[in-house]
Amino acid sequence: TDFLKRGKLRTVVVALIALAGLSGIGLGVYQFWPKTDNPPQVLKIERLTTNGRTSDAAISPDGKFVVYVVDEDGQQSLWTRQVAANSSIQIIPAAHVNYRGLGFSPDSNYINFVKEENQDVPPSLYQMPALGGVQKKLISNIFGTMSYSPDGKEVGYLRPRFPSLEESSLLVANPDGSGERILISIKRPDVFPSSANQSPTWSPDGKSIAAIVRNISSNETSIGAIQVADGSLKTMAAPNFKVIARL
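Rules behind the numbers
- Residues numbered from 1 in each chain as written.
- Predicted model: local features only at pLDDT ≥ 70, side-chain atom pairs only at ≥ 80, totals over all residues.
- Heavy atoms only, no water.
- Helix = DSSP H or I, 4+ residues; strand = E, 2+ residues; numbered from the N terminus.
- Areas by Shrake-Rupley, 256 points an atom, 1.4 Å probe, with all protein chains shown as cover.
- Buried < 20%, exposed > 50% of the residue type's maximum accessible area, 1.4 Å probe, protein only.
- Lys, Arg positive; Asp, Glu negative; His and termini not counted.
- Salt bridge = Lys/Arg side-chain N within 4 Å of Asp/Glu carboxyl O.
- Polar contact = N/O pair within 3.5 Å; in protein donor to acceptor, adjacent residues only side chain to side chain.
- Contact = heavy atoms within 4.5 Å.
- Phe/Tyr/Trp six-rings, centres within 6.5 Å; stacked < 30°, edge-to-face > 60°.
- Core = buried A, V, L, I, M, F, W, Y, C linked by side-chain atoms within 4.5 Å.
- Pairing = 2+ DSSP bridges.
- Axes fitted to C-alpha atoms, helices over the stretch in contact; angles between N-to-C directions.

### Overview of the overall build of the protein chain
Here comes step 1: A count of helices and strands for the protein chain gives 1 helix and 19 strands.
Here comes step 2: With the model as given, the accessible surface of the protein chain reaches about 13,100 Å², and the carbon-plus-sulfur share is 52%.

### Section: the side chain of lysine 115
Here comes step 1: Mapped onto the elements, lysine 115 comes out in strand β8 (residues 110–116).
Here comes step 2: Of the side chains with opposite charge, glutamate 117 lies nearest to the buried lysine 115, which makes no salt bridge, at 4.2 Å.
Here comes step 3: A polar atom in the side chain of lysine 115 sits 2.9 Å from the side chain of glutamine 135.
Here comes step 4: Once residues lying within four places of it in the same chain are set aside, the contact partners of lysine 115 are Val97, Asn98, Tyr99, Pro123, Ser124, Tyr126 and Gln135.

### What about the packing of aromatic side chains?
Here comes step 1: On inspection of all chains with the given rule, the structure shows 2 aromatic pairs.
Here comes step 2: Where phenylalanine 113 meets tyrosine 126, the ring centres are 6.0 Å apart and the plane angle is 15 degrees; that geometry is what we call stacked. Of the two residues, phenylalanine 113 sits in strand β8 while tyrosine 126 sits in strand β9 (residues 124–129), which places them 13 residues apart along the sequence. Taken individually, phenylalanine 113 and tyrosine 126 each receive the classification buried, so the pair is uniform in this respect.
Here comes step 3: Three or more aromatic residues joined by ring pairs form one cluster here, namely Tyr99, Phe113 and Tyr126.

### Description of the pattern of salt bridges
Here comes step 1: In total, this model carries 3 salt bridges according to the counting rule given.
Here comes step 2: Salt-bridge contacts for glutamate 116 lead to arginine 100; the nearest nitrogen and oxygen are separated by 2.5 Å. Here the residue glutamate 116 occupies a position in strand β8, and arginine 100 occupies one in strand β7 (residues 98–104), the gap between them amounting to 16 residues.
Here comes step 3: Residue class for arginine 100 comes out buried when judged on its relative accessible area of 18%.
Here comes step 4: A salt bridge links glutamate 154 to arginine 181; the nearest nitrogen and oxygen atoms lie 3.9 Å apart. Separated by 27 residues along the polypeptide, glutamate 154 in the loop between β11 (147–148) and β12 (155–159) and arginine 181 in strand β14 (residues 181–187) bring together distant segments of the chain.

### Regarding the nonpolar core
Here comes step 1: Judged by nonpolar contacts, the single largest core of 16 residues is most densely connected at Val67, Leu78, Ile111 and Phe113.
Here comes step 2: Of all the secondary-structure elements, those providing two or more residues to this core are β4 (65–72), β6 (87–95), β7, β8 and β9.
Here comes step 3: Sequence-distant contacts of isoleucine 111, defined by excluding residues within four places in its chain, comprise Val67, Leu78, Ile91, Gly103, Phe104, Tyr126, Gln127, Met128, Pro129 and Ala130.
Here comes step 4: In this structure, Leu158, Phe192, Ile209 and Ile226 belong to the second largest nonpolar core, which totals 13 residues.

### A few points about the sheet that holds β7
Here comes step 1: Spatially, 4 strands are ordered β7-β8-β9-β10 in an open sheet, and the strand pairing comes out antiparallel. In this open sheet, the two edge strands, each paired with only one partner strand, are β7 and β10 (136–140). Here the average twist between neighbouring strands, direction ignored, is 25 degrees.
Here comes step 2: Where β9 lies against β10, 4 bridges are found, and the strand directions are antiparallel.

### Considerations on the environment of alanine 85
Here comes step 1: Its location among the elements puts alanine 85 in the loop between β5 (75–82) and β6.
Here comes step 2: Spatially, the C-alpha atoms of alanine 85 and phenylalanine 65 are 9.8 Å apart, while their sequence positions differ by 20 residues.

### Focus: the sheet that holds strand β3 (residues 54–59)
Here comes step 1: An order of β3-β4-β5-β6 is seen for the 4 strands of this open sheet, with the pairing classed as antiparallel. The outermost strands of the open sheet, each flanked by one partner alone, are β3 and β6. For this sheet, the mean angle separating the axes of adjacent strands, direction not counted, is 20 degrees.
Here comes step 2: Alignment of β4 against β5, held across 8 bridges, turns out to be antiparallel. Looking across to β5, one finds that valine 69 is bridged to leucine 78.

### Considering unusual backbone geometry
Here comes step 1: Going from phenylalanine 162 to proline 163, the amide bond is cis rather than trans, its omega being 5 degrees.
Here comes step 2: Within the element layout of this structure, proline 163 appears in the loop between β12 and β13 (167–173).
Here comes step 3: Each neighbour pair has its own omega, and for arginine 188 with proline 189 the value is 15 degrees, a cis peptide bond.
Here comes step 4: Turning to its location among the elements, proline 189 is positioned in the loop between β14 and β15 (190–191).
Here comes step 5: The phi torsion at serine 108 lies on the positive side, around 70 degrees, for a residue other than glycine.

Read these as spatial facts, not as claims about activity.
In structure tokens:
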């Protein structure tokens, strides 16, 4: 399916970054092509950092920028790397915060990140220019990043224990966080996992959103497709997976 194809693409990027995690970030230059008898293109891997303290990263849609988190003696800072220029700049200085759910806007001009400043307060999603500037708070009470619709006019994201403690929800909103609405809520023992990497993913036609669904009683995980038009949920894979890390 289109969801699984996109999942494979993301898996390649995540695997490359994890492979070089101890010494820096690995960047895969990749490209999908129509089915053909020609042999696949060679995958090029390039090391972008060597500090050994990079904990998370994301590449822009145009492939020109990489944003990444650096751990610094119990603090974290945020950096942007210009791939072609072989240059990195610190866009947020080190502080006692946790960054997660890194991502870019569809035009690659802005970065999105979830910032946790206090364990007693739910994390919030912020946006700022890719090369630094003012941070703008978009969404409160969000643990993973948001996912853009194909036309860039809406975003989807997960919120645990909402609207009640026994429910978790998939929400959609405008890219600036306004117009928030619940698309679907599911009740325990089924939940939408809400870690940094477990964000929903839109289908290429924009008609449905894929999300990981986990049953906390059986500890089984499946993939669900939620129709944007009416919020109906259809399981795409039998619940026989123990863990699905990312779509």
